[in-house]
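# Geometric and topological summary
Listed below are the residues making up each chain.
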Amino acid sequence: MPVVVELDIMLARRKMRSKELAQRIGLTEQQVSQLKSGKVRGMRFDTLSRICTVLQCQPGDLLRYEPGEEPAEVDDAG
């Protein structure tokens, strides 16, 4: 996926553990872990907003676009 979540970097900069972030934003530790590892295909804006509030950052500090990593699309015309 061309959008990379850099939550782990921001957590390190803020010297905060995933467990604390999870508690403060109302997610489970497992959900935060999945966000950090990039195993999610999407994120609600509400969740992104809560993360940004707690970490005092902008969405662009958490997300990075890497072109060229998009998987080939399947042609459904056939």
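These remarks concern the structure in this document. For clarity, every value in this text was computed on a predicted model and none was experimentally measured. Counting from 1, residues in each chain are numbered in the order their sequence is written. Reporting in this predicted model follows two pLDDT cut-offs: at least 70 for local features of residues, and 80 or more for side-chain atom pairs to be given and counted; totals over whole chains, interfaces and linings ignore these cut-offs and use all residues. Only hydrogens and water are set aside when side-chain values are computed; all heavy atoms of the structure are taken into account.

## Quick word on the environment of Pro 59
- Counting from the N terminus, the helices are the DSSP runs of H or I reaching at least four residues and the strands are the DSSP runs of E reaching at least two. Relative to the helices and strands, Pro 59 resides in helix H5 (residues 59-62).
- With a 1.4 Å probe rolled over the protein chains alone, any residue whose accessible area is under 20% of its type maximum counts as buried; one over 50% counts as exposed, and the rest are partly exposed. Pro 59 sits in the partly exposed class, given a relative accessible area of 34%.
- Remark: the alpha-carbon pair of Pro 59 and Leu 48, spanning 11 residues in sequence, is separated by 7.0 Å.
- Whether two residues touch is decided by their heavy atoms; if any such pair falls within 4.5 Å, the residues are in contact. With residues up to four places along the chain from it excluded, the contact list for Pro 59 reads Leu 48 and Cys 52.

## Details of the packing of helix H2 (residues 18-25) against helix H4 (residues 45-55)
- To get an axis, a line is fitted to the C-alpha atoms, and for a helix only the part in contact is used. The angle between two axes follows their N-to-C directions and goes from 0 to 180 degrees. Between H2 and H4, the shortest axis-to-axis distance is 10 Å and the interhelical angle comes to 120°. Taken together, the axes of H2 and H4 are oblique relative to one another. Crossing angle aside, the handedness with which H2 passes H4 is right-handed. Facing H2, whose interface residues are Leu 21, Arg 24 and Ile 25, H4 presents Arg 50, Ile 51, Val 54 and Leu 55.
- Put simply, Ala, Val, Leu, Ile, Met, Phe, Trp, Tyr, Cys and Pro go in the nonpolar bin, Asp, Glu, Lys and Arg in the charged bin, and everything else, Gly too, in the polar bin. A class-by-class count of the residues in the contact of H2 with H4 yields five nonpolar, no polar and two charged. Throughout, the term roughly parallel applies to angles under 35 degrees, roughly antiparallel to angles over 145, roughly perpendicular to angles from 65 to 115, and oblique to all others. Here a crossing is called left-handed whenever its near helix is offset anticlockwise from the far helix by less than a right angle, and right-handed whenever the offset is clockwise.

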